[in-house]
Amino acid sequence: MTPHWLRDERLHFGVGIEDTFVPQQGIGRRPIDEYELMQHYENWREDLDLAVEAGAEFIRWGIPWYLVEPRPGEFDWRWLDEVSAHMQSIGLRCVVDLMHYGTPLWLDNQFVNATYPERVASYARAVAERYAGVWDDYTPLNEPVINAIYCGEDGTWPPYLTGSDGFSKVIVALAKGTVRTQQQIAAVNPAARFVHVDAGFRWEGDDLPLAREVLEERRFVSLDLITGRVVPGHPMHAYLTGNGIREDDLAWFADNAVTPDVVGVNYYPGFTTVRYRPDGGTDPVEAGTAGLRDLIELYWQRYGLPIVITETSRGGSVESRLAWLGESLEEVERLRAAGVPVLGYTWFPFFTLVDWLYRHDAKPADDWFVHMGLVDVVRGPDRRLARVRTEVFGAFQERARR
């Protein structure tokens, strides 16, 4: 088997383009497609070329499943053919985000549709088969626990379930889809490698909505499910069975366990750590490099697999972003020197994104711009969104090419 491209002992630099797609709409809920809102569909060549100019070796880039498979089993490859060919021509490796929150419009009940695991796996197999040798690195599902919270616990995104019962139903469906996706990709592309990505979660204070031990274990539940760890005696086994998940559903994971090549950890110093208020809301807590180290060490100790920081950045001023770039990379080097195999560093997002709250509001997208990238997006009088390099772009470029 060919060694994974990351395992050459050096730190690889990448960027990612925010690729949330939730096409469903309803009363008070607009569809959200970050590519459309950031005019990436019109500017994709420029955006990818800019990534290479910044010094990125790889890019986390997602496929809008709802557009590529507009009807069950019918695929429109025209745009992906162009994008994949261009990535190959400029030497930009793609870690393909197959699922970044949203499902196609034709899949009723979204993640709790009985056919979801096989539908998403069928789509993934078709992608992997078509682009084998061009795209060989896959993230089956971005941030499954965040996905389950928004779709299953908070009722924010479809299918709008709530509570621990809803969370459990969604996370088990997502995890089964992830297993089937990895199995189907490997069946058609044995050279494929898998980067499983989840959000980091940290809490301060004692006013928590669930017992601390439940929260601290629940952040790992997706990866524990797909690797077959959730068996009787596992801390999350009683939680899931107590919320309607059958024993045979959990046994299926033990029988079909898959292991990623790399664990991806997403961490933002300004909001990965939160403190709960008495009213149930949360306030972000600044955790800096201490929070980054804490999460990386937790994932390394738990899974013993190579790690990539698959998302990190800081919102706000260019100066604050510059500071975080330097601080976080220094912490990564300290971790590597201590023997923790952090093999990649991804600044995410590469350019401005639209806050997800846009979906629940009537204000124009510009009012929801969040500048966290190496590149800022600025709307001109012609309504086009210009890409403006910041000082962080140059600093990242220098560190990546050093």
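Quick notes on the rules
Residues numbered from 1 in each chain as written. Predicted model: local features only at pLDDT ≥ 70, side-chain atom pairs only at ≥ 80, totals over all residues. Heavy atoms only, no water. Helix = DSSP H or I, 4+ residues; strand = E, 2+ residues; numbered from the N terminus. Rg over C-alpha atoms; globule rule 2.2 N^0.38 Å. Buried < 20%, exposed > 50% of the residue type's maximum accessible area, 1.4 Å probe, protein only. Contact = heavy atoms within 4.5 Å. Pairing = 2+ DSSP bridges. Polar contact = N/O pair within 3.5 Å; in protein donor to acceptor, adjacent residues only side chain to side chain. Salt bridge = Lys/Arg side-chain N within 4 Å of Asp/Glu carboxyl O. Axes fitted to C-alpha atoms, helices over the stretch in contact; angles between N-to-C directions. Phe/Tyr/Trp six-rings, centres within 6.5 Å; stacked < 30°, edge-to-face > 60°. Lys NZ or Arg CZ within 6 Å of the ring centre and 35° of its normal.

**A few points about the overall build of the chain**
Counting its regular elements, the chain contains 14 helices and 17 strands. For the chain, the C-alpha radius of gyration of 20 Å lies close to 21 Å, the compact-globule estimate for 402 residues. The C-alpha extent of the chain, read off along each of the three principal axes, is 55 × 50 × 50 Å. Here the chain, with 402 residues, has 58% of them falling under the buried criterion. The long-range share in the chain, meaning contacts at least 24 apart out of those at least 6 apart in sequence, stands at 74%.

**A word on unusual backbone geometry**
Put simply, P158 and P159 share a cis peptide bond, and its omega is 10°. With respect to the helices and strands, the residue P159 is situated in the loop between helix 6 (144-153) and helix 7 (163-188). A cis geometry characterises the amide bond from F348 onward to P349, with omega recorded as 5°. Along the polypeptide, P349 turns up in the loop between strand 13 (342-347) and strand 14 (353-354). A positive phi is found at Y101, a non-glycine position, where the angle reads about 90°. The residue Y101 is located in the loop between strand 5 (93-97) and helix 5 (116-131) in this model. With relative accessibility at 1%, the residue Y101 sits in the buried group. Not every positive phi belongs to a glycine, and R383 is a case in point at roughly 75°. Relative to the helices and strands, R383 is located in the loop between strand 16 (375-379) and strand 17 (385-389).

**Points about the pairing of strand 1 (residues 12-16)**
Of all five residues making up strand 1, five are buried, and the element is well covered by its neighbours. Every second residue of strand 1 is oriented toward a common face, with H12, G14 and G16 on one face and F13 and V15 on the other, all of them buried. Sheet topology places strand 1 next to strand 4 (residues 58-62); three bridges connect them, and they run parallel. Residue G16 lies in a different strand from strand 4, and its bridge partner there is R60.

**Side note on the side chain of H234**
Within the fold, H234 resides in the loop between helix 9 (221-226) and helix 10 (235-241). Look at H234 and you get buried, because its relative accessible area is 12%. Within polar-contact distance, the side chain of H234 engages the backbone nitrogen of M236 at 2.9 Å. Discounting chain neighbours no more than four positions away, the residues touching H234 are E217, D224, R229 and R302.

**Focus on the pattern of salt bridges**
Summed over all chains, the structure comprises 31 salt bridges. Notably, a salt bridge pairs D248 with R246, separated by 3.2 Å at the nearest N-O pair. According to the relative accessible area criterion, D248 is partly exposed, its value standing at 46%. Of the charged contacts, one joins D376 and R321 as a salt bridge, the two residues approaching to 3.0 Å between their closest N and O atoms. Of the two residues, D376 is situated in strand 16 and R321 in helix 13 (residues 318-337); the sequence distance between them amounts to 55 residues.

**Quick look at the sheet that holds strand 10 (residues 273-276)**
Read across the sheet, three strands follow the order 8-10-11 without closing on themselves; strand pairing throughout is mixed. If you trace the sheet from one side to the other, it starts and ends with strand 8 (202-204) and strand 11 (282-285), each paired once. Between one strand and the next, the sheet's axes are offset by a mean angle of 40°, whatever the strand orientation.

**A short note on the packing of aromatic side chains**
Applying the stated criterion across every chain yields a total of 32 aromatic pairs. Ring centres of F21 and Y35 lie 4.9 Å apart, and the angle between their planes is 85°; this geometry places the pair in the edge-to-face category. In this pair, F21 sits in strand 2 (residues 21-22) while Y35 sits in helix 1 (residues 34-37), placing the two residues 14 residues apart along the sequence. Y35 matches F21 in its accessibility class, with the two residues each being buried. Their ring planes at 45° and their centres at 6.0 Å tell us that W61 and W135 sit as a pair that is tilted. Of the two residues, W61 sits in strand 4 while W135 sits in the loop between helix 5 and strand 6 (137-139), which places them 74 residues apart along the sequence. Residue W61 shares its accessibility class with W135, and that shared class is buried. Grouping aromatic residues by their ring pairs yields a cluster made of F21, Y35, Y41, W61, Y66, F75, W77, W79, Y131 and W135. Residue placement shows K176 over the ring face of W252; its charged tip is 4.9 Å from the ring centre.

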